[in-house]
Amino acid sequence: MSGWRAVSGGVRFHVRLTPKGGRDAIDGWSYSANGEPCLKVRVRTVPEDGKANAALVDVLADELDISKSSVRIAAGQTSRLKTVEVSGDIRHLCERLEQLGSAK
């Protein structure tokens, strides 16, 4: 499944974030209510003052083996469904995203 697409200098994809999820983890690829592929991510932080978004950036940077400054939440700062842009080597990013699991 390829739930991401290449953009200038990186990739863009949707994330369904679950704050207060008990642990920081990526649960693989799934589909949103509107049928779009999205990466399911849970963080243990609460969704206040941008803490959950910051934790999301940390988890993605760690899992994709890139710097935090390479991860940007492009849309959905206050919703569970977010659009994320990650800058870097597209081939490396696509390989790492592919390893994060299949649609459920």
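Presented here is a report on the structure given in the accompanying data block.

About the cut-offs
Residues numbered from 1 in each chain as written. Predicted model: local features only at pLDDT ≥ 70, side-chain atom pairs only at ≥ 80, totals over all residues. Heavy atoms only, no water. Helix = DSSP H or I, 4+ residues; strand = E, 2+ residues; numbered from the N terminus. Buried < 20%, exposed > 50% of the residue type's maximum accessible area, 1.4 Å probe, protein only. Contact = heavy atoms within 4.5 Å. Areas by Shrake-Rupley, 256 points an atom, 1.4 Å probe, with all protein chains shown as cover. Lys, Arg positive; Asp, Glu negative; His and termini not counted. Charge placed at Lys NZ, Arg CZ, Asp CG, Glu CD. 1 Å grid on protein atoms, 1.4 Å probe; cavity = no way out; pocket = protein on both sides within 12 Å on 5 of 7 lines; lining within 4 Å. Points joined across faces, edges and corners; volume = space filled by probe spheres on them. Nonpolar A, V, L, I, M, F, W, Y, C, P; charged D, E, K, R; others polar. Salt bridge = Lys/Arg side-chain N within 4 Å of Asp/Glu carboxyl O.

This part is about the overall build of the protein. When you go through the protein residue by residue, the secondary structure sums to 2 helices and 6 strands. The helix and strand sequence of the protein, counted from the amino end, reads β-β-β-β-α-β-β-α. Projected onto its principal axes, the C-alpha coordinates of the protein cover approximately 35 × 30 × 20 Å. Burial statistics for the protein: of 104 residues in total, 38% are counted as buried. Of the contacts made within the protein by residues no fewer than 6 positions apart, 56% connect residues no fewer than 24 positions apart. Split by element, the accessible area of the protein, about 5,700 Å² in all, is 45% carbon and sulfur. Side-chain charges of the protein comprise 16 positive and 13 negative groups, with the mean position of each set lying 5 Å from the other.

In this structure, the largest pocket occupies an estimated 170 Å³ of space. Around the largest pocket sit 14 residues that line it, and Pro47, Asn53, Gln77, Thr78 and Lys82 are the ones nearest its centre. Take the lining of the largest pocket: its biggest share by element is 3 residues, from helix H1 (residues 51–64). Grouping the constituent residues of the lining of the largest pocket by class yields 4 nonpolar, 5 polar and 5 charged.

Quick look at the pattern of salt bridges now. A complete count under the given rule lists 8 salt bridges for this structure. One salt bridge in this structure joins glutamate 85 and arginine 12, with 2.0 Å as the shortest N-O distance. Placement of glutamate 85 in strand S6 (residues 81–87) and of arginine 12 in strand S2 (residues 10–18) is noted, with a sequence separation of 73 residues between them. In this structure, aspartate 58 engages lysine 68 in a salt bridge whose closest nitrogen and oxygen atoms are separated by 3.4 Å. A residue pair is termed long-range when its members are at least 10 positions apart, and aspartate 58 in helix H1 and lysine 68 in the loop between H1 and strand S5 (71–75) qualify at 10 residues. The exposure class of aspartate 58 is partly exposed, given its relative accessible area of 36%. Because the salt bridges share partners, they merge into one network encompassing Arg12, Arg72 and Glu85.

Moving on: unusual backbone geometry. Residues other than glycine seldom take positive phi values, yet lysine 20 does so here, at roughly 55°. Assignment of secondary structure puts lysine 20 in the loop between S2 and strand S3 (25–31). Here lysine 20 falls in the exposed class, since its relative accessible area comes to 59%. For aspartate 65, which is not glycine, the phi torsion reads 60° and is therefore positive.

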